[in-house]
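Letter by letter, the chains look like this.
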Number of protein chains: 6
Amino acid sequence: MKGLDPFVLRDLLKAYLMEDLGHGDITSCHLPGRERTATAVIKAKDEGILAGLPVAAETFSLLDPRTNTERLAQEGAAIEKGTELARVTGPAFALLRAERTALNLLQRLSGIATTARKMVDLIASTGTRLVDTRKTTPGLRLLEKYAVTTGGAGNHRMGLYDCAMIKDNHIKVAGSIKDAVSAVKKAIPFTARIEVEVKDLAELKEALDAGAHLVLLDNMDLPTLRQAVDQAKGRALTEASGNITPENILAVAQTGVDYISSGAIIHHAVWLDMNMKIL
Amino acid sequence: MKGLDPFVLRDLLKAYLMEDLGHGDITSCHLPGRERTATAVIKAKDEGILAGLPVAAETFSLLDPRTNTERLAQEGAAIEKGTELARVTGPAFALLRAERTALNLLQRLSGIATTARKMVDLIASTGTRLVDTRKTTPGLRLLEKYAVTTGGAGNHRMGLYDCAMIKDNHIKVAGSIKDAVSAVKKAIPFTARIEVEVKDLAELKEALDAGAHLVLLDNMDLPTLRQAVDQAKGRALTEASGNITPENILAVAQTGVDYISSGAIIHHAVWLDMNMKIL
Amino acid sequence: MKGLDPFVLRDLLKAYLMEDLGHGDITSCHLPGRERTATAVIKAKDEGILAGLPVAAETFSLLDPRTNTERLAQEGAAIEKGTELARVTGPAFALLRAERTALNLLQRLSGIATTARKMVDLIASTGTRLVDTRKTTPGLRLLEKYAVTTGGAGNHRMGLYDCAMIKDNHIKVAGSIKDAVSAVKKAIPFTARIEVEVKDLAELKEALDAGAHLVLLDNMDLPTLRQAVDQAKGRALTEASGNITPENILAVAQTGVDYISSGAIIHHAVWLDMNMKIL
Amino acid sequence: MKGLDPFVLRDLLKAYLMEDLGHGDITSCHLPGRERTATAVIKAKDEGILAGLPVAAETFSLLDPRTNTERLAQEGAAIEKGTELARVTGPAFALLRAERTALNLLQRLSGIATTARKMVDLIASTGTRLVDTRKTTPGLRLLEKYAVTTGGAGNHRMGLYDCAMIKDNHIKVAGSIKDAVSAVKKAIPFTARIEVEVKDLAELKEALDAGAHLVLLDNMDLPTLRQAVDQAKGRALTEASGNITPENILAVAQTGVDYISSGAIIHHAVWLDMNMKIL
Amino acid sequence: MKGLDPFVLRDLLKAYLMEDLGHGDITSCHLPGRERTATAVIKAKDEGILAGLPVAAETFSLLDPRTNTERLAQEGAAIEKGTELARVTGPAFALLRAERTALNLLQRLSGIATTARKMVDLIASTGTRLVDTRKTTPGLRLLEKYAVTTGGAGNHRMGLYDCAMIKDNHIKVAGSIKDAVSAVKKAIPFTARIEVEVKDLAELKEALDAGAHLVLLDNMDLPTLRQAVDQAKGRALTEASGNITPENILAVAQTGVDYISSGAIIHHAVWLDMNMKIL
Amino acid sequence: MKGLDPFVLRDLLKAYLMEDLGHGDITSCHLPGRERTATAVIKAKDEGILAGLPVAAETFSLLDPRTNTERLAQEGAAIEKGTELARVTGPAFALLRAERTALNLLQRLSGIATTARKMVDLIASTGTRLVDTRKTTPGLRLLEKYAVTTGGAGNHRMGLYDCAMIKDNHIKVAGSIKDAVSAVKKAIPFTARIEVEVKDLAELKEALDAGAHLVLLDNMDLPTLRQAVDQAKGRALTEASGNITPENILAVAQTGVDYISSGAIIHHAVWLDMNMKIL
């Protein structure tokens, strides 16, 4: 499971399974034949990028270690309507109880990877990298960010704890970019970077002078963005954000900005259709 | 907070906050001015149906009981671009740390309510009720289902534990609808209902004879659906599902089916744009 | 383990084991010979109905997966004083630490199944079904309700979440049965039922007219109960409760009521005596 | 709350409440009038010894800190049918959701206190003290043992962690009382005692010689018990156990044994009847 | 794992691993070759007493059950600089992620055992036993106390729950030793002991008369301590504490006191140097 | 509480308190006078740097919100033997139960801050910054790293999740520095840095060419270290580690290295002596 820590993942999966199981599956727990070994096929009913198959496999095996998932498609691969993605074998009782949670994960993550891939392809001719944001579904961030990378984009920080970021609201509270950067920079682990969100070239200068490692160029028009990128070159990495659309993303990338961040990769992704059938 | 149990909600919100906070917010914890009392305004940047404002308020107050959220719009109301939704007052430190989690919830839930309202409006002329499914984001089901009701639609079962449901995979395992229904029905709490998914009129007959309380009429064409609804009348409540689209939903409803279920209310909803600015 | 979800069960069992273990078993952790493989026999010292043997087996195997429990009696069977119920083999260290928790469960659950069976037998000549209530030992509800079904009775709702119930206190708060039923019924999942507790025929009429699916006929004398059952026939399922005793239960059942609920199945059950001896 | 640590108690109460609430109370969350302040009276419908009133009060206030419980009877007092035990005031929504959990605790604990008091009274003329065992309902031990003391009896060890105890199964594993006591005694905290279960005078001698602090005289006839008590005097505290009944308990106590332990105080206690009515 | 309950241990180890892993190890999760089987050697870089090797082994196997730890040195043995302590084989991915947590435990526990052994050796000629206190690192007490016994010293109580202890602050609150002892003694499990901290002979007399089982003779000079030991002989076990140093510990022991307690065994212990190298 | 997130902190403190409380404090729960309001003074019995006072205050208020802690000394200040650090007022019952946990934290954290300050002072004449490592007490890392900053030193990464680090074992697994850096760098969040541990100038060159942001110069002699610092200048930040002692730290710093990391700040720190007396 490249890129995901299985020890950490299991805790998340357990919570997701318990959300669906509650005090127990009142259908499957009484079903005739439930102890039988069965095999189920998971198929795509739509085309897109596959993400989450190892996660789905882990969901089944966490619920019951006797299940085995044979993966028939590669994580990150383009899949077509009708593609067989996996065959899961195990006690019918286990397949029935984990089905919905596994599919919900697989469909949501594949939906995100599909959206990511589409946006990444639009700027493939440039050196700019597309990244996500912290606008993720509460409770699912780790996996949503995993899906973003599976789709070919990159990750911004994982949370409030692994990179400092001075945004407009922080500046209002602190009084100035300089004071905010100065106080935060000397207090955080030296291994961590500090990013500052700036809305114009004056703020950019203040941020660079204060020693920001990364600058988020927020909602700038293309000429300003180009100037900002030039100004920051060699002093800080640059990130453009704000109203990135399929229509304007290439032009933004062509300014030479290092990163373009987009919440929409995640929050505008819809599910890829899939189903699971017991043979 | 109509329809949500605040005692239960707090556990969910705590997990969502911790996902973002990790070992702590390394920006806000060192920011000059962080102990100051500040007021922030949450505004819509898009139009739609508002859902989740009491949830966002609870998020702030869970993080810090000294925060106070003044709600400026009604849960379930239609909001327009620019509408002020709430003013949150409290220690800057608290506002900054809960902001993203509160907004992520508010935007996701409002997005779902907006989708739900649109679909509900399409069948307003009929007696049929639109309901959701268990196709929800893992970890967020309770709130996503709450948003569905806020948008005017209804809920299907909450999980595997509060209604028995014999679907195609269960039938394959059990061997027959009759055996499955019979075994499950006598074992579950008498207060719980049992639903059977059927794909044709023969299966419908078997389900009704077996004593199903609810029948899910899966992917039937309109004439078959009409017949099925007639056949079930007075014996079981009927639910239509499968490929429900804005284009066909009214025709489906006009068959007289009691419920139409749609996963898309949730899994095809995208976020409503909002932001929060400290004054 | 028919009727119990093993994934859910393990969380409960872990909490029960930890309650007894605290920071660790200070006797067994230092005992000479503790790593030896041993076999223990669990025997009944009293007669009754066996319930909880799969639960006890799971308790041992959760504590140490190397234990193996050979079951010598059927769940739900009538057992006699001296019956060998199971042989548990595994590291002595594991048998000694899980013994008390496993036996406490087995004795409590068998006690409940025994009480349930006795009451069920009293009304075997009728079509009425005996069910439990939410008067259960805090922390043990899932297993106590499992024991009730093992003894041959049925379950009422599992908690506040899987069936709506308007009782006397709710009516006082809401002002009227009609308002309460109307508000609750349209808000809950359509898959859930709503039950109303009524104390006389006037309230029964109001509940039926409001659309209650189930009516709890509380503490009615036999003639009134008979009338109520007639009145509700075909409109709602009927449940009688209040002061059900071995003496009056048959007469109550003979009114034709669908269900008789009794908290005493659980709260007046005492333990069945058993012990475990290492060979 | 004499004898119970409120910080520890809250964790237990939270788990008990969540067991009943599940994903939320689907009746009360939609009930008209639920935000109103209401007062409810808790009354005894049976006579016995009251235990658990502070626990019930804490249950209400944990669910909603705005509730207030006025206690009208003393913990440990003899109550009669009809006695008003408490008045709880707070949001109706909170009273309705905590009612069952609070009453279940109160009724179970009062039932145990009542049984304890009856048995204690039988040996009041002697210097022997009645104590409980580890035969408690899984998940409720702390409160059940609290109820035992409220009824006037004493506690045996709380779990496997706070007193070492060499029982018959331990002796079989270790090979001899001497080896078991010797290994365990030198390894446990010096503040902890070690008890040995013996079935005859030979084993008693071995236990005393090995340095047991406490000896459990298991199932001895009265003459043997008397000899055992004499033999142990000044060397170890004595505890009699096994088939203690109301009929024989006084005779056992009159042997001069220090403690009589009885699992039946807890596992044969049934609930005291009570109810709660909103005014 | 003599003296540690593995079921209880795993919960602690999981929390320790999660502290280091956070949302996952961002280095190892992406490392080429991470799925390869590797073997690592753990070596001492310092001399001292080994403690925690079974704990380290359990840490690796909890993270990934496919790891296997071959122990090359005995728990409690004196080790020298360069001693190979263990070889751990398993997926490289697992070794890399558990390494730091396992070593941190091993180094901390060995450091404590080393300190304990040194102090124990100083009083080996006497019958006095050295014990620890509750001055332990928050979150690590169980393992720190385990290390103390591995080093040859003994444990005082494990927490506030397994032995009653009336210290100076308790006496101030209760008003007198007598009142405090009397109230506490009759309320706690009869299996538990009660210790009283006394600062002079008058308090000692009061404690003994009140029935203390253990007396902590706090900070007495040697002549007073000797008198106190004499006075308590046959009535209570004696414990000396306060400013115990390597210089004075033998003299204190030679007073005949039963126990000497020292927080410094734990809070003045420093780590034993070790490392782990993948071959 | 500068630098610590109170929402996150409370979870840690709860676990620490529960470790000491177990099933409850059996002394204080029965103590006469326990409900009285009392005031306690916390005093230093040693000199050093104060760290953890806000943490101790939060410990008391978490146990019982009615406690109030008046701080009499500044976090990070030099304190002397006898300095009054704080006065805590609240129910005696709360003071007695939180005392040990609060003091254990305060003493451990102050011990670390004291060690940190001493080492920082040794290199105050240079531009080099002293930082900690991941060699921390399992379960207490967040607070130990907080104490390091309170003492004037800085933090290295918090765990495996907030900075990538290629150490010797990673290089062995991956085959080469280049392959390891290349794979990891493109996979982690772009906001995160990557550090490489190198043992000589050849490895340093490889790491710099691979694009490491930070280089850990492990155990180099002074001349090599000086060369390494020169070579890395402008390409990566430099960190020296390995056998840093009070004797050699200044010489190491004078090489111009950016950071010196030392596990000893934490793992060789011993507690600062303090006590708490109820007035």
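Residues numbered from 1 in each chain as written. Chains lettered and ligands numbered in written order. Predicted model: local features only at pLDDT ≥ 70, side-chain atom pairs only at ≥ 80, totals over all residues. Heavy atoms only, no water.

1. Some thoughts on the overall build of chain A
Put simply, the test is: In this text, helices come from DSSP runs of H or I with a minimum length of four residues, and strands from runs of E with a minimum of two, each type numbered from the N-terminal end. Relative accessible area decides the class of each residue, using a 1.4 Å probe on protein chains only: under 20% of the type maximum gives buried, over 50% gives exposed, and in between gives partly exposed. Under the convention used here, a 1.4 Å probe and the Shrake-Rupley method define accessible areas, while residue burial counts only the protein chains that appear. For the purpose of charge, His is not counted, nor are the chain termini; Lys and Arg are scored as positive and Asp and Glu as negative. Where a charge lies is defined by one atom per residue type, namely NZ (Lys), CZ (Arg), CG (Asp) and CD (Glu).
Check the secondary structure of chain A and you find 10 helices and 12 strands. If you line up chain A on its principal axes, its C-alpha atoms span 70 × 40 × 25 Å. Out of the 279 residues belonging to chain A, those deemed buried represent 63%. With the model as given, the accessible surface of chain A reaches about 9200 Å², and the carbon-plus-sulfur share is 49%. Treating the 34 positive side-chain charges of chain A as one cloud and the 34 negative ones as another, the clouds have centres 2 Å apart.

2. Looking at the relation of the copies chain D and chain B
Convention followed: The superposition of copies rests on a least-squares fit of C-alpha positions from residues with pLDDT of 70 or more in both.
Superposing chain D onto chain B takes a rotation of 120° plus a shift of 0.0 Å along the axis, which leaves an RMSD of 0.0 Å. Taken together, the rotation and translation describe the operation of a three-fold axis.

3. Considerations on the environment of Gly90 of chain A
Residue and element names in this part refer to chain A. The following threshold applies: Residues are treated as being in contact if the distance between any of their heavy atoms lies within 4.5 Å.
Looking at the secondary structure, you find Gly90 in strand β5 (residues 84–91). For the pair formed by Gly90 and Ala38, sequence separation is 52 residues and the distance between their alpha carbons is 5.6 Å. Residues contacting Gly90, with those up to four places away along its chain left out, are Arg36, Thr37, Ala38, Arg66, Thr67 and Leu95.

4. Quick word on the interface of chain D and chain B
Let me state the cut-off plainly: Joining two parts hides part of their accessible area as seen by a 1.4 Å probe, and the buried area is that hidden amount summed over both. Salt bridges, as used here, are contacts in which a Lys or Arg side-chain nitrogen is within 4 Å of a carboxyl oxygen on Asp or Glu. Between N or O atoms, a polar contact is any pair within 3.5 Å; within protein, one atom must be a potential hydrogen donor and the other a potential acceptor, and residues adjacent in sequence are included only when both atoms are from side chains. When residues are sorted by character, Ala, Val, Leu, Ile, Met, Phe, Trp, Tyr, Cys and Pro go into the nonpolar class, Asp, Glu, Lys and Arg into the charged class, and all the rest, Gly among them, into the polar class.
Counting from both sides, the interface comprises 16 residues of chain D and, opposite them, 14 residues of chain B. Note on chain D versus chain B: buried area summed over both sides is about 1200 Å², and carbon and sulfur give 59% of it. Where chain D meets chain B, there are two salt bridges. Counting every contact that joins chain D to chain B gives five residue pairs in polar contact (both at pLDDT 80 or more). Sorting the residues of the side of chain D that touches chain B by element identifies α1 (6–21), α2 (53–63) and α3 (92–122) of chain D as the ones contributing at least two each. Across the side of chain D that touches chain B, the residue classes break down as seven nonpolar, four polar and five charged.

5. A closer look at the domain arrangement of chain A
Residues and elements named next belong to chain A. Our working rule: Here the bounds of each domain stem from an automatic or database domain assignment.
What the domain assignment lists for chain A is domain 1 (6–115 + 270–278) and domain 2 (121–267). The gap between the C-alpha centroids of domain 1 and domain 2 is 35 Å. Across the contact, 18 residues belong to domain 1 and 14 residues belong to domain 2. Across the domain 1/domain 2 interface, buried area totals approximately 1200 Å², and carbon plus sulfur atoms make up 71% of it. Of all residues in domain 1, the largest losses of buried area upon contact with domain 2 belong to Arg108, Leu109 and Ile112, amounting jointly to 39% of the total for that side. We note a salt bridge from Glu144 to Arg108, for which the minimum N-O separation is 2.9 Å.

6. Quick word on the pairing of strand β1 (residues 37–44) of chain C
Residues and elements named next belong to chain C. The condition is simple: Only when DSSP finds a minimum of two bridges between them are two strands counted as paired.
Sheet topology places β1 next to strand β5 (residues 84–91); seven bridges connect them, and they run antiparallel. Counterpart to Thr39 in the pairing with β5 is Thr89. The pairing of β1 with strand β12 (residues 274–278) spans five bridges and is antiparallel. Bridge pairing in β12 places Lys43 opposite Asn275.

7. Thoughts on the interface of chain A and chain B
Where the parts come together, the accessible area they lose is often given as the size of the interface. Contacts between the two partners involve 63 residues from chain A and, on the opposite side, 63 residues from chain B. Taken together, the two surfaces of chain A and chain B that pack against each other cover about 5700 Å², and 60% of this comes from carbon and sulfur. When the buried area of chain A at its contact with chain B is split by residue, Pro138, Leu160 and Val173 of chain A rank highest and sum to 13% of it. Inspection of the chain A/chain B interface yields six salt bridges. Between Lys277 of chain A and Asp168 of chain B there is a salt bridge, with the nearest N and O atoms lying 2.2 Å from each other. Our enumeration of links across chain A and chain B arrives at 34 residue pairs in polar contact (both at pLDDT 80 or more). Elements represented by at least two residues in the side of chain A that touches chain B include exactly α1 (6–21), α3 (92–122), α4 (141–150), β7 (164–166), α5 (168–174), α6 (177–187) and β12 (274–278) of chain A. By residue number, the principal contributor to the side of chain A that touches chain B is α3 of chain A, which donates seven residues. Here the residues of the side of chain A that touches chain B sort into 30 nonpolar, 16 polar and 17 charged.

8. Focus: the relation of the copies chain A and chain B
Expressed as a screw transformation, the operator carrying chain A onto chain B has a rotation angle of 180° and an axial translation of 0.0 Å, and the superposed copies differ by an RMSD of 0.0 Å. Both copies of the chain, as the preceding transformation shows, are related through a two-fold rotation axis. Judged by C-alpha distance, Gly139 of chain A is the residue of chain A that lies nearest the rotation axis, at 2.7 Å. Most of the interface of chain A is mirrored in chain B, where 100% of its interface residues again form contacts.

9. Points about the pattern of salt bridges
Summed over the entire model, instances satisfying the criterion amount to 84 salt bridges over all chains. Two residues, Lys145 of chain E and Asp132 of chain E, come together in a salt bridge whose shortest N-O distance is 2.8 Å. A residue pair is termed long-range when its members are at least 10 positions apart, and Lys145 of chain E in helix α4 (residues 141–150) and Asp132 of chain E in the loop between β6 (129–131) and α4 qualify at 13 residues. Under the relative-accessibility criterion, Lys145 of chain E is labelled buried at 0%. A cluster of three or more residues bridged by salt bridges with shared partners is formed by Asp20 of chain A together with Arg134 and Arg141 of chain B.

10. Observations concerning the packing of helix α1 (residues 6–21) of chain B against α1 of chain D
In helix packing, the relevant descriptors are the interaxial angle and the interaxial distance, both defined with respect to the helix axes. Note the following rule: Inter-axis angles, ranging from 0 to 180 degrees, are taken between N-to-C directions of lines fitted to C-alpha atoms, where helices are fitted over the stretch in contact. Each angle is binned into one of four classes, with values under 35 degrees roughly parallel, values over 145 roughly antiparallel, values of 65 to 115 roughly perpendicular, and all other values oblique.
Between α1 of chain B and α1 of chain D, the shortest axis-to-axis distance is 10 Å and the interhelical angle comes to 110°. In terms of their interaxial angle, α1 of chain B and α1 of chain D are classed as roughly perpendicular. Across the interface between the two elements, Phe7, Val8 and Asp11 of chain B of α1 of chain B pack against Lys14, Leu17, Met18 and Leu21 of chain D of α1 of chain D. A per-class count over the contact of α1 of chain B with α1 of chain D returns five nonpolar, no polar and two charged.

11. Re the sheet that holds strand β6 (residues 129–131) of chain A
Residues and elements named next belong to chain A. Taken in spatial order, the six strands of this open sheet run β6-β11-β10-β9-β8-β7, and their pairing is parallel. Bordering the open sheet on either side are β6 and β7, each of which pairs with just one other strand. Here the strands of the sheet are splayed against their neighbours by 25° on average, with no regard to which way each runs. Here strand β10 (residues 237–241) runs beside strand β11 (residues 259–261); their pairing, made up of two bridges, is parallel. Residue pairing across strands places Glu239 opposite Tyr259, the latter belonging to β11.

12. Some remarks on helix α3 (residues 92–122) of chain C
In an α-helix, one full turn covers 3.6 residues, which means residues spaced three or four apart are oriented alike. For clarity, the cut-off: To estimate the expected span of a helix, subtract one from its residue number and multiply by 1.5 Å.
Under the 1.5 Å per step criterion, the end-to-end length of α3 of chain C is 44 Å for 31 residues, consistent within 8% with the ideal 45 Å. Burial of α3 of chain C is extensive: 27 of the 31 residues sit out of reach of the surface.

13. What to know about the sheet that holds strand β10 (residues 237–241) of chain B
All names here are of chain B. Here we have six strands laid out as an open sheet, ordered β6-β11-β10-β9-β8-β7, and parallel in their pairing. Because the sheet does not close on itself, it has two edges, and the strands there are β6 (129–131) and β7 (164–166). Adjacent strand axes in the sheet meet at a mean angle of 25° when their direction is disregarded. Of the pairings in the sheet, the one linking strand β8 (residues 194–198) to strand β9 (residues 214–218) comprises four bridges and is parallel in character. Considered in β9, the bridge of Val196 is made with Val215. Its contacts with the sheet put helix α6 (residues 177–187) on β7 and β8, and the angle it makes with β8 is roughly 165°.

14. Concerning the side chain of Asp20 of chain A
Along the chain, Asp20 of chain A turns up in helix α1. For Asp20 of chain A, a relative accessible area of 1% corresponds to the buried category. There is a polar contact of 2.6 Å between the side chain of Asp20 of chain A and the side chain of Arg141 of chain B. Once you skip the residues sitting within four places of it in the chain, Asp20 of chain A turns out to touch Arg100 and Thr101 of chain A together with Arg134, Arg141, Gly159, Leu160 and Tyr161 of chain B.

15. A look at the environment of Ala73 of chain A
Residue and element names in this part refer to chain A. Mapped onto the secondary structure, Ala73 falls in the loop between β3 (68–71) and β4 (78–79). Taking the C-alpha atoms as reference points, Ala73 and Ala183, separated by 110 residues in sequence, lie 49 Å from one another. When residues no more than four places from it in sequence are discounted, the contact partners of Ala73 are Leu50, Leu53, Ile79, Glu84 and Leu85.

16. Quick notes on the confidence of the model for chain A
In low-pLDDT segments, the atomic positions of the prediction should not be examined closely. Applicable threshold: Within a predicted model, pLDDT stands for the predictor's per-residue confidence, ranging from 0 to 100.
Residues of chain A with pLDDT of at least 70 account for 100%, and the chain-wide mean is 97. Here the complex is predicted with pTM 0.98, and the ipTM for its interfaces comes to 0.97.

17. Notes on unusual backbone geometry
Even without glycine at this site, Asn243 of chain A takes up a positive phi of about 55°. On the secondary structure map, Asn243 of chain A appears in the loop between β10 and α9 (249–253). One non-glycine residue, Asn219 of chain E, lies in the positive phi region at around 55°. When you line up the elements, Asn219 of chain E lands in the loop between β9 (214–218) and α8 (222–232). On the accessibility criterion, Asn219 of chain E (45% relative accessible area) is partly exposed.

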